[in-house]
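# Close look at the chain arrangement
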There are 2 protein chains.
Amino acid sequence: MAYELYYWPTIQGRGEFVRLTLEEAGADYIDAARESEGVAVMMRVMENAGRPPFAPPFLKDGETIIAQTAAILLYLGARHDLAPKDPAGGLWTHQIQLTIADFVAEAHDTHHPVAVGLYYEDQTREALRRSAEFRQNRIPKFLNWFETILARNPSGEAHLVGHKLTYADLSLFQVVEGLSYAFPKAMKRALKNLPRVKALHEAVAQRPRIRAYLASPRRIPFNEEGIFRRYPELDG
Amino acid sequence: MAYELYYWPTIQGRGEFVRLTLEEAGADYIDAARESEGVAVMMRVMENAGRPPFAPPFLKDGETIIAQTAAILLYLGARHDLAPKDPAGGLWTHQIQLTIADFVAEAHDTHHPVAVGLYYEDQTREALRRSAEFRQNRIPKFLNWFETILARNPSGEAHLVGHKLTYADLSLFQVVEGLSYAFPKAMKRALKNLPRVKALHEAVAQRPRIRAYLASPRRIPFNEEGIFRRYPELDG
């Protein structure tokens, strides 16, 4: 039976981390909220499920519903050989993903530092301050950590964990992709000193299934409704 | 061999979620950064580990180092019977914990909406806006979700998952405790309509090991350096 992924149909957002893993796995899945009436179904599941998701994305696998991006990837990674089989390696991969989730939340808050329920235009002043901090301190701190992990991987610098691709590699690709869209100037500077992160980003983009996915209509273009938004005044 | 927990020694912070689980488990552990030279050791591990934590808290179990609060609890819950043994139940407990982590991050940002590296006093104006939003919209949204989960638990309303205590129950206790310290007025209003969350909070506080812990010097009092801070101007 096909997986059903539920996420807002017009943005990459957090759902994109799940899409990338499903695509790389070659898994049979439906991007369910992009189907006709899909959002209404999504809202009904969130309201009525015995174990209700707090927010999208969530994955339905038969009767099992799993929310929280990192938990979904923990589940899929084990099933589709996109995480190490040994418990310590699996937990380390998950730990990296959780740190990526923190980074993504901070990236979101650059344009929504006050309230998710308000428009960007109603919190621009705060966004300018938060973005400056994010560009100057947080982007380097997070990306340097990934660079360090790649450098210290005893199996080689091509992957965050072990000697082959994990969902954490896919997620780091997506973060670099998103930040490069949102903060092109800051990211160009940052990546200069991060050859391993840069190489991983390029290698993931060239994987056959990922390349096909990125060129397909299944990949929603970046826009100013998602997590990674290009507001030139926030870059610098 | 005793677990070693590493976290900032003067605050409850994220480390407290781990402390509560270790205490309820009756596990043998050292709050390592509170020992002499402990912070220096903590910083050395973060800099030099083959799998370096991005930030505290992290747990050392022999040679294994685990960071990210939710990942630590996933690890401890399975070892100390504080999570269901069935995979779906274990993942659901983890999913609740990840949502608690999101809630905690938002609680932190009420007093640090611009930058973790700046003092509260340098972002008070932004904090006032963010806190109003947090009190009016986010506290009710998150706490209502927990109330719903308790109400829908087929094994009874006393626990978030199944018929006995999990680490998620301990974490929800701590969130209610922390928010009641930081936002006493807003929380008094919110809890009026959340009998199940209130009852769970009271029941956890009365568990023998938790009660003993809370009365001991191991429990660091809330203060204005941690995640949950009492700034009266942010409550209302």
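Rules behind the numbers
- Residues numbered from 1 in each chain as written.
- Chains lettered and ligands numbered in written order.
- Predicted model: local features only at pLDDT ≥ 70, side-chain atom pairs only at ≥ 80, totals over all residues.
- Helix = DSSP H or I, 4+ residues; strand = E, 2+ residues; numbered from the N terminus.
- Rg over C-alpha atoms; globule rule 2.2 N^0.38 Å.
- Buried ≥ 20, exposed ≤ 12 C-beta atoms within 10 Å, placed from the backbone.
- Contact = placed C-beta atoms within 7 Å.
- Axes fitted to C-alpha atoms, helices over the stretch in contact; angles between N-to-C directions.
- Parallel < 35°, antiparallel > 145°, perpendicular 65-115°, else oblique.
- Left-handed = near helix turned anticlockwise from the far one by under 90°.
- Nonpolar A, V, L, I, M, F, W, Y, C, P; charged D, E, K, R; others polar.
- Least-squares fit on C-alpha atoms with pLDDT ≥ 70 in both.
- pLDDT = per-residue confidence, 0-100.
- Pairing = 2+ DSSP bridges.
- Expected span 1.5 Å × (residues − 1).
- Bend = angle between axes of the 7 residues up to and from the residue.

This part covers the overall build of chain A. Counting secondary structure elements, chain A contains nine helices and four strands. Against the compact-globule benchmark of 18 Å for 236 residues, chain A has a radius of gyration of 18 Å, which places it among compact chains. In terms of overall dimensions, chain A has a C-alpha envelope of 50 × 45 × 30 Å along the principal axes. Taking all 236 residues of chain A together, 48% fall into the buried category. Counted over contacts in chain A with a minimum sequence separation of 6, partners at least 24 positions apart contribute 69%.

Here we come to the packing of helix α4 (residues 87–109) of chain A against helix α5 (residues 124–152) of chain A. Residues and elements named next belong to chain A. Interaxial distance between α4 and α5 falls to 10 Å at its minimum, and their mutual angle equals 165°. As the angle between them shows, α4 and α5 are arranged roughly antiparallel. Here α4 runs over α5; the crossing is left-handed. For the pair α4 and α5, contact is made by Ile96, Phe103, Glu106 and Asp109 and by Arg130, Phe134, Arg138, Phe142 and Ile149, respectively. Of the residues belonging to the contact of α4 with α5, the class tally is five nonpolar, no polar and four charged.

As a further point, take helix α3 (residues 69–79) of chain B. Residues and elements named next belong to chain B. A large share of α3 lies buried, amounting to nine of its 11 residues. Within α3 the residues assigned to the buried category are Thr69, Ala70, Ala71, Ile72, Leu73, Leu74, Tyr75, Leu76 and Gly77. Aspartate 81, located one to two residues past α3, shows a positive phi value of around 55°.

With that out of the way, let us pick up the relation of the copies chain A and chain B. Superposing chain A onto chain B takes a rotation of 180° plus a shift of 0.0 Å along the axis, which leaves an RMSD of 0.0 Å. Here the two chains are linked by the operation of a two-fold rotation axis. In this assembly, 100% of the residues forming the interface of chain A have copies in chain B that are likewise at the interface, indicating an isologous arrangement.

Taken together, the contacts link 31 residues of chain A with 31 residues of chain B. Counting residues per element, the ones that place at least two in the side of chain A that touches chain B are β4 (64–67), α3 (69–79), α4 and α5 of chain A. Residues belonging to the side of chain A that touches chain B are distributed by class as follows: 16 nonpolar, nine polar and six charged.

Let us look at the confidence of the model for chain A. Put simply, chain A has an average pLDDT of 97, and 100% of its residues get 70 or more. As a predicted assembly, this complex carries a pTM of 0.98 together with an ipTM value of 0.97.

For the rest of this paragraph, the subject is the packing of helix α1 (residues 15–25) of chain B against helix α6 (residues 167–182) of chain B. Residues and elements named next belong to chain B. Packing of α1 against α6 brings their axes to within 9 Å, and their N-to-C directions diverge by 130°. With respect to α6, the axis of α1 lies oblique. The crossing of α1 and α6 is right-handed. Between α1 and α6, the contacting residues are Glu16, Phe17, Leu20, Thr21 and Glu24 on the first element and Tyr167, Leu170, Ser171 and Gln174 on the second. Residue composition of the contact of α1 with α6, by class: four nonpolar, three polar and two charged.

Here the focus is the sheet that holds strand β4 (residues 64–67) of chain B. Residues and elements named next belong to chain B. Reading across the sheet, the four strands line up as β2-β1-β3-β4 and stay open at both edges, with mixed pairing between neighbours. The two strands at the open ends of the sheet, each matched to only one other strand, are β2 (29–31) and β4. Across the sheet, the mean angle separating the axes of adjacent strands is 20° when strand polarity is ignored. Pairing geometry for strand β1 (residues 3–6) and β2, over three bridges, is parallel.

With that settled, consider unusual backbone geometry. Excluding glycine, residues mostly have negative phi values, and the peptide bonds linking residues are mostly trans. Here the residue pair A:Pro56 and A:Pro57 is connected by a cis peptide bond, since its omega of 0° sits within 30 degrees of zero. One non-glycine residue, B:Glu37, lies in the positive phi region at around 65°. Locating B:Glu37 in the fold gives a position in the loop between β2 and α2 (38–48). For B:Glu37, a count of 10 C-beta atoms within 10 Å gives the class exposed.

We now examine the sheet that holds strand β1 (residues 3–6) of chain A. Residues and elements named next belong to chain A. Here four strands make up an open sheet; going across it, the order is β2-β1-β3-β4 and the pairing mixed. Of all strands in the sheet, those bounded by a partner on one side alone are β2 (29–31) and β4. Strand after strand, the sheet turns through a mean of 20° between neighbouring axes, direction not considered. The strands that helix α1 (residues 15–25) touches are β1, β2 and β3 (58–61); relative to β1, the one it contacts most, it runs at about 155°.

All names here are of chain A. Tracing the backbone shows glutamate 225 in the segment after α9 (208–214). Residues glutamate 225 and threonine 10, spaced 215 residues apart in sequence, show a C-alpha to C-alpha distance of 8.0 Å. Aside from chain neighbours lying at most four places away, what touches glutamate 225 is Thr10 and Ile11.

Taking 1.5 Å per residue as the helical rise, helix α5 (residues 124–152) of chain B with its 29 residues ought to reach 42 Å, and the 40 Å between its terminal C-alpha atoms agrees with that figure. The largest bend in α5(B) amounts to roughly 45° and is located at B:Phe134.

Moving on: the environment of A:Leu82. All names here are of chain A. In this structure, leucine 82 sits in the loop between α3 and α4. Sequence spacing of leucine 82 and leucine 128 is 46 residues, and the spatial spacing of their C-alpha atoms is 38 Å. Discounting chain neighbours no more than four positions away, the residues touching leucine 82 are Thr21, Glu24, Ala25, Leu76, Gly77, Leu165, Thr166 and Tyr167.

What follows is about the pairing of β3(A). Residues and elements named next belong to chain A. Pairing analysis gives three bridges linking β1 to β3, with the strands arranged antiparallel. Its bridge partner being in β3, glutamate 4 is matched across the sheet by lysine 60. Pairing analysis gives four bridges linking β3 to β4, with the strands arranged antiparallel. In the sheet register, lysine 60 faces β4, and the bridge partner there is isoleucine 65. Adjacent in sequence and paired antiparallel, β3 and β4 are bridged by two residues, among which glycine 62 carries a positive phi angle near 65°.

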